[in-house]
Amino acid sequence: MSIIFNEKTRTFHLCNDSVSYIMTVLPGGQMAQLYFGKRIHHSEDFSHLLEFAFRPMTSYLYDDDYKYTLEHINQEYGVFGSTDYRDPAAEILQNDGSRISDFKYQTHTIKSGKPSLLGLPATYTEDDSEAETLTLVLKDPVNGLVLRLFYTIFAEGGIIARSASFVNEGADDLHLTRAMSLCMDLPDSNYEFIHFSGAWGRERHMKTRRLAQGIQSVGSVRGHSSHNHNPFVILKRPDASEFQGEVIGFSLIYSGNFLAQAEVSTHEETRVLLGIHPHWFDWKLEPGETFQTPEAVMVYSDQGLNHMSQTFHKLYQTRLARGYWKDKERPILINNWEATYFDFTQDRLVDIASKAKACGVELFVLDDGWFGGRRHEKAGLGDWIANPDLLPSGITGLAQKIEDIGMKFGLWFEPEMVNKDSDLYRKHPDWILKTPNRSTSHGRFQYVLDFSRKEVVDCVYEMMAKILSEAKVSYVKWDMNRSITECYSAALPSDRQGEVFHRYILGVYDLYERLTGKFPQVLFESCASGGARFDPGLLYYAPQGWTSDDSDAIERLKIQYGTSYCYPVSCMGSHVSVTPNHQVFRSTPLHTRANVAYFGTFGYELDLNKLSEEEQKEVKEQIAFMKQYRRLFQFGTFYRLMSPFDGGSTAWMVVSDDKKEAVVGVYKVLNSANMPFTRVALKGLDPDFCYELSTDGKYHYGDELMNAGLITTDSSAGELASGDIPTCDFDSRLFILKASN
Ligand code: DGJ
């Protein structure tokens, strides 16, 4: 890996074995993008990659130049209004009412390692040799605003991490009304735009459409990254697939409002923008103040989507997630939510935990309903003190009881919320986000605490830290069940109200930072009404997240498959729940529910006492199986093989680092009769290893399994031989492969 600066041509070349990223200083001082893609040889001069032309009705920046227009130059951080007409990376409202900017190169630094971003989650290095960082310093000579563009290239993988910071070195206040983390101008538009959209219960469904002239975008203005869209998009060449061809993934390490956009000009250039959504964003920058954007990560792959995903998985698992749990196998848990909802007693909880312990479960999680007056959705949020009627010896007593059974204890919080029927609200009615003289909308009868205020975060921290200090709590589920409305902070002046959405998220990160710092061995799982804040920002603090409230195995195929495009298996909270399922009322076989949940953190969302003895026996076997293969599932290399978005069958697999072990999951939706023979071409095996297959006990070489394929034909292909198990709707199978040498 290296960052080469050619002083004569003022060109930068960031490269490692996988990628090259080349840019240059234009004669006018602006930064131009020359190339981003597969690694190419270094050359002293790349200036020929810049093309200029005279075009009618185009505007030119300098009097004496008839070709210098920013409209047709691929830029590093384009701004609107002086010859560039595309959506800009930044927009600055100045004291005189103007919004024109012109950032000109001043200087740069190249350093090994990667600086952290104050108050914001970001990828990191453990050793300076893992990455190099280029900081470009640009300045607007008129208003004195300094723009720093940060580029980190990692030693391995096609990864470039980017962010921007603004320092007001002028004499007047400025307002940033747009400050994207990344602007990436590509020379053509021959791409498909892939994004992951959905809603509650069906998060991160993959959507693909052809890029076309004009703007295509996804984003969130709900105050959190949302169920609806994820801060992750992909540009894919039309001929690229899961295993070959060019793709670029763009991921924003942020949990609040975001915009991910691709704009194709009528000359077929593509501008990608990624960052905080400019809608309602207005950050006042007084002289001397700095604003830092969140980090955006680009991953280039010339080996298709799987390779891009594996690069993100490794980076996010090892250099975004932090702390005690990041590399550890995750405890198998049981959560009482779907088993009891609010209707529980301490005895009932202990019963659930005891049976789970007998089956091999390691962690009992008490979900919503244990605190304040919380016997229903209308009361209690904000009062993080155990309800003595329910839990006579408090959380300390219950946690001890669970520990005495031989399990770890976990607890649910929803730190950012308050019900009006709560002591916290009665004491501090001005602590919620609400706009003066307007009604304040609720979501699930709850209101959003103003986390842009330090005293609010301090108060919630004190309540949570008290419980975590006094009781033996090993796990925290941090929930967040509504989007923000009427966003306004009573603590900020009118000209800073455009800062509230971002300050809110900074408050969330601050609380996470304090709690994970004070309780480093507690495992945090993020959650937001299922997967409404399943983003890389939270992965920095909580190494796992509740993927979706939809725990139906068949629905989960799409949700987990879609999620896997950016996020590793180790961070996907996935549980076995009852049938009929509580979200879609579907009944699926118990083995299928487990076969899907194994590809995640694994746990149960039910009362095992209510299962038949036969089912309890099966659960015990599932848990023993997961314990045996947990490291492989959670930390192996994950491959997508057959997409649930393409039809009724899904297949995926994990392979160990040494390629000696693999597990393949094959799933079907509806059964049919008289069907074809089926095979799945496996991936990632060693072609020369001979693998024993769990299903038939026979040996097959890796090259056979990857080329001729693994035979997955089931009884739907014809009459059963005696002893064959008939297949059914929602059936699934796991194939375990072990190398014999
Ligand atoms: C939404 C979460 O996604 C559920 O798992 C559960 O914790 C409920 N909230 C509790 O209110």
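Computed from a predicted model, the values in this text were never measured in an experiment.

**As for the overall build of the chain**
Phase 1: Assigned secondary structure in the chain consists of 12 helices and 39 strands.
Phase 2: Taking 27 Å as the expected radius of gyration for a compact globule of 741 residues, we find that the chain reaches 27 Å, a close match to that expectation.
Phase 3: Counting across all 741 residues of the chain, residues that qualify as buried make up 62%.
Phase 4: Counting only contacts in the chain whose residues sit at least 6 apart along the sequence, the fraction spanning at least 24 positions is 70%.
Phase 5: If the 75 positive side-chain charges of the chain are averaged to one point and the 98 negative ones to another, these points end up 3 Å apart.

**Focus: the pairing of strand β22 (residues 363-366)**
Within a regular beta strand, the side chains point alternately toward one face of the sheet and then the other, so they alternate between its two faces.
Phase 1: Residue alternation in β22 divides its side chains into two sets, Leu363 and Val365 and Phe364 and Leu366, and both sets are buried.
Phase 2: Alignment of strand β21 (residues 333-335) against β22, held across 3 bridges, turns out to be parallel. Paired with Leu333 across the two strands is Leu363, which belongs to β22.
Phase 3: Taken together, β22, helix α4 (residues 394-405) and strand β23 (residues 408-413) constitute a β-α-β crossover, and its handedness is right-handed.

**Focus on helix α11 (residues 613-635)**
Phase 1: Given a rise of 1.5 Å per residue, 23 residues ought to cover 33 Å, and the 33 Å separating the end C-alpha atoms of α11 matches this to within 8%.
Phase 2: Maximum bend of α11: about 65°, positioned at Tyr629.
Phase 3: Restricting attention to buried positions, one finds in α11 the residues Gln616, Val619, Gln622, Ile623, Phe625, Met626, Tyr629, Arg630, Leu632, Phe633, Gln634 and Phe635.

**Remarks on the site of the ligand**
Phase 1: Near the ligand, the surroundings consist of 13 residues, among which Asp367, Asp368, Lys477, Asp479 and Asp549 are the closest.
Phase 2: Asp549 has a polar side-chain atom sitting 2.4 Å from an oxygen atom of the ligand.
Phase 3: Taken together, the residues of the shell around the ligand break down into 4 nonpolar, 3 polar and 6 charged.

**Concerning the environment of Phe585**
Phase 1: Within the fold, Phe585 resides in the loop between β30 (576-577) and α10 (590-597).
Phase 2: Separated by 33 residues in the primary sequence, Phe585 and Asp552 place their C-alpha atoms 8.4 Å from one another.

**Observations concerning the nonpolar core**
Phase 1: Of all hydrophobic cores here, the largest spans 198 residues; its most connected members are Phe166, Leu366, Trp370 and Ile395.
Phase 2: Ignoring any residue separated from it by four or fewer positions in sequence, one finds Trp370 in contact with Phe344, Trp384, Ile385, Ala386, Asn387, Leu390, Leu391, Ile395, Leu411, Trp412, Phe413 and Ile467.
Phase 3: Counting residues in each nonpolar core, the second largest holds 20 residues, with Val680, Phe689, Phe735 and Ala739 among its members.

**Description of the side chain of Ser265**
Phase 1: One can find Ser265 in the loop between β16 (258-264) and β17 (270-276).
Phase 2: In this structure Ser265 comes out as buried when scored by relative accessible area, which is 13%.
Phase 3: A distance of 2.6 Å separates the side chain of Ser265 from the side chain of Glu269, its partner in a polar contact.

**Section: the sheet that holds strand β37 (residues 699-701)**
Think of a sheet as strands paired side by side through backbone hydrogen bonds, with each pair either parallel or antiparallel.
Phase 1: Strands sit in the order β32-β33-β34-β39-β36-β37 across an open sheet of 6 strands; the sheet is antiparallel. Single-partner strands in this sheet number two, and they are β32 (637-642) and β37. Going across the sheet, the axis of each strand differs from the next one's by a mean of 25°, ignoring polarity.
Phase 2: Alignment of strand β34 (residues 661-668) against strand β39 (residues 732-739), held across 7 bridges, turns out to be antiparallel. For Tyr667, the partnering residue across the bridge sits in β39 and is Ser732.
Phase 3: Sitting on the sheet, α10 touches β33 (649-655), β34 and β39, and the angle it makes with β39 is about 50°.

**Focus on the packing of α10 against α11**
Phase 1: Where α10 meets α11, the closest approach of the two axes is 11 Å, and the angle between their N-to-C directions is 20°. Between α10 and α11, the angle is such that the two are roughly parallel. Here α10 runs over α11; the crossing is right-handed. Contacts between α10 and α11 involve Leu590, His591 and Ala594 on the former and, on the latter, Glu615, Glu618, Val619 and Gln622.
Phase 2: Here the contact of α10 with α11 is composed, by residue class, of 3 nonpolar, 2 polar and 2 charged.

**With respect to the environment of Ser732**
Phase 1: Structurally, Ser732 can be placed in strand β39.
Phase 2: Classification of Ser732 as buried rests on a relative accessible area of 5%.
Phase 3: The spacing of Ser732 and Tyr105 is 627 residues in sequence and 58 Å in space, taken between C-alpha atoms.
Phase 4: Every residue in contact with Ser732, bar those within four places of it in the chain, is listed here: His591, Thr592, Asn595, Val666 and Tyr667.
Phase 5: A distance of 2.8 Å separates a polar atom in the side chain of Ser732 from a polar atom in the side chain of Thr592.
Phase 6: Looking at Ser732, its side chain comes within polar contact range of the side chain of Asn595, at 2.7 Å.

**Examining the sheet that holds strand β3 (residues 19-25)**
Phase 1: Strand order in the open sheet formed by 4 strands is β1-β2-β3-β4, and the pairing between neighbours is antiparallel. With one partner strand each, in any of the chains shown, β1 (2-6) and β4 (31-38) form the two edges of the open sheet. Each neighbouring strand pair of the sheet contributes to a mean axis angle of 15°, computed without reference to strand direction.

**Let's talk about helix α9 (residues 553-563)**
Phase 1: Across the 11 residues that make up α9, a large majority, 9, are buried.
Phase 2: Along α9, the positions that sit buried rather than exposed are Ala553, Ile554, Arg556, Leu557, Ile559, Gln560, Tyr561, Gly562 and Thr563.
Phase 3: For α9, the N-terminal cap is Asp552; the gap from its side-chain oxygen to the backbone nitrogen of Ile554 is 3.1 Å.

Rules used in this analysis
- Residues numbered from 1 in each chain as written.
- Predicted model: local features only at pLDDT ≥ 70, side-chain atom pairs only at ≥ 80, totals over all residues.
- Heavy atoms only, no water.
- Helix = DSSP H or I, 4+ residues; strand = E, 2+ residues; numbered from the N terminus.
- Rg over C-alpha atoms; globule rule 2.2 N^0.38 Å.
- Buried < 20%, exposed > 50% of the residue type's maximum accessible area, 1.4 Å probe, protein only.
- Contact = heavy atoms within 4.5 Å.
- Lys, Arg positive; Asp, Glu negative; His and termini not counted.
- Charge placed at Lys NZ, Arg CZ, Asp CG, Glu CD.
- Pairing = 2+ DSSP bridges.
- Right-handed = clockwise from strand over helix to strand, strands pointing away.
- Expected span 1.5 Å × (residues − 1).
- Bend = angle between axes of the 7 residues up to and from the residue.
- Near = heavy atom within 4 Å.
- Polar contact = N/O pair within 3.5 Å; in protein donor to acceptor, adjacent residues only side chain to side chain.
- Nonpolar A, V, L, I, M, F, W, Y, C, P; charged D, E, K, R; others polar.
- Core = buried A, V, L, I, M, F, W, Y, C linked by side-chain atoms within 4.5 Å.
- Axes fitted to C-alpha atoms, helices over the stretch in contact; angles between N-to-C directions.
- Parallel < 35°, antiparallel > 145°, perpendicular 65-115°, else oblique.
- Left-handed = near helix turned anticlockwise from the far one by under 90°.

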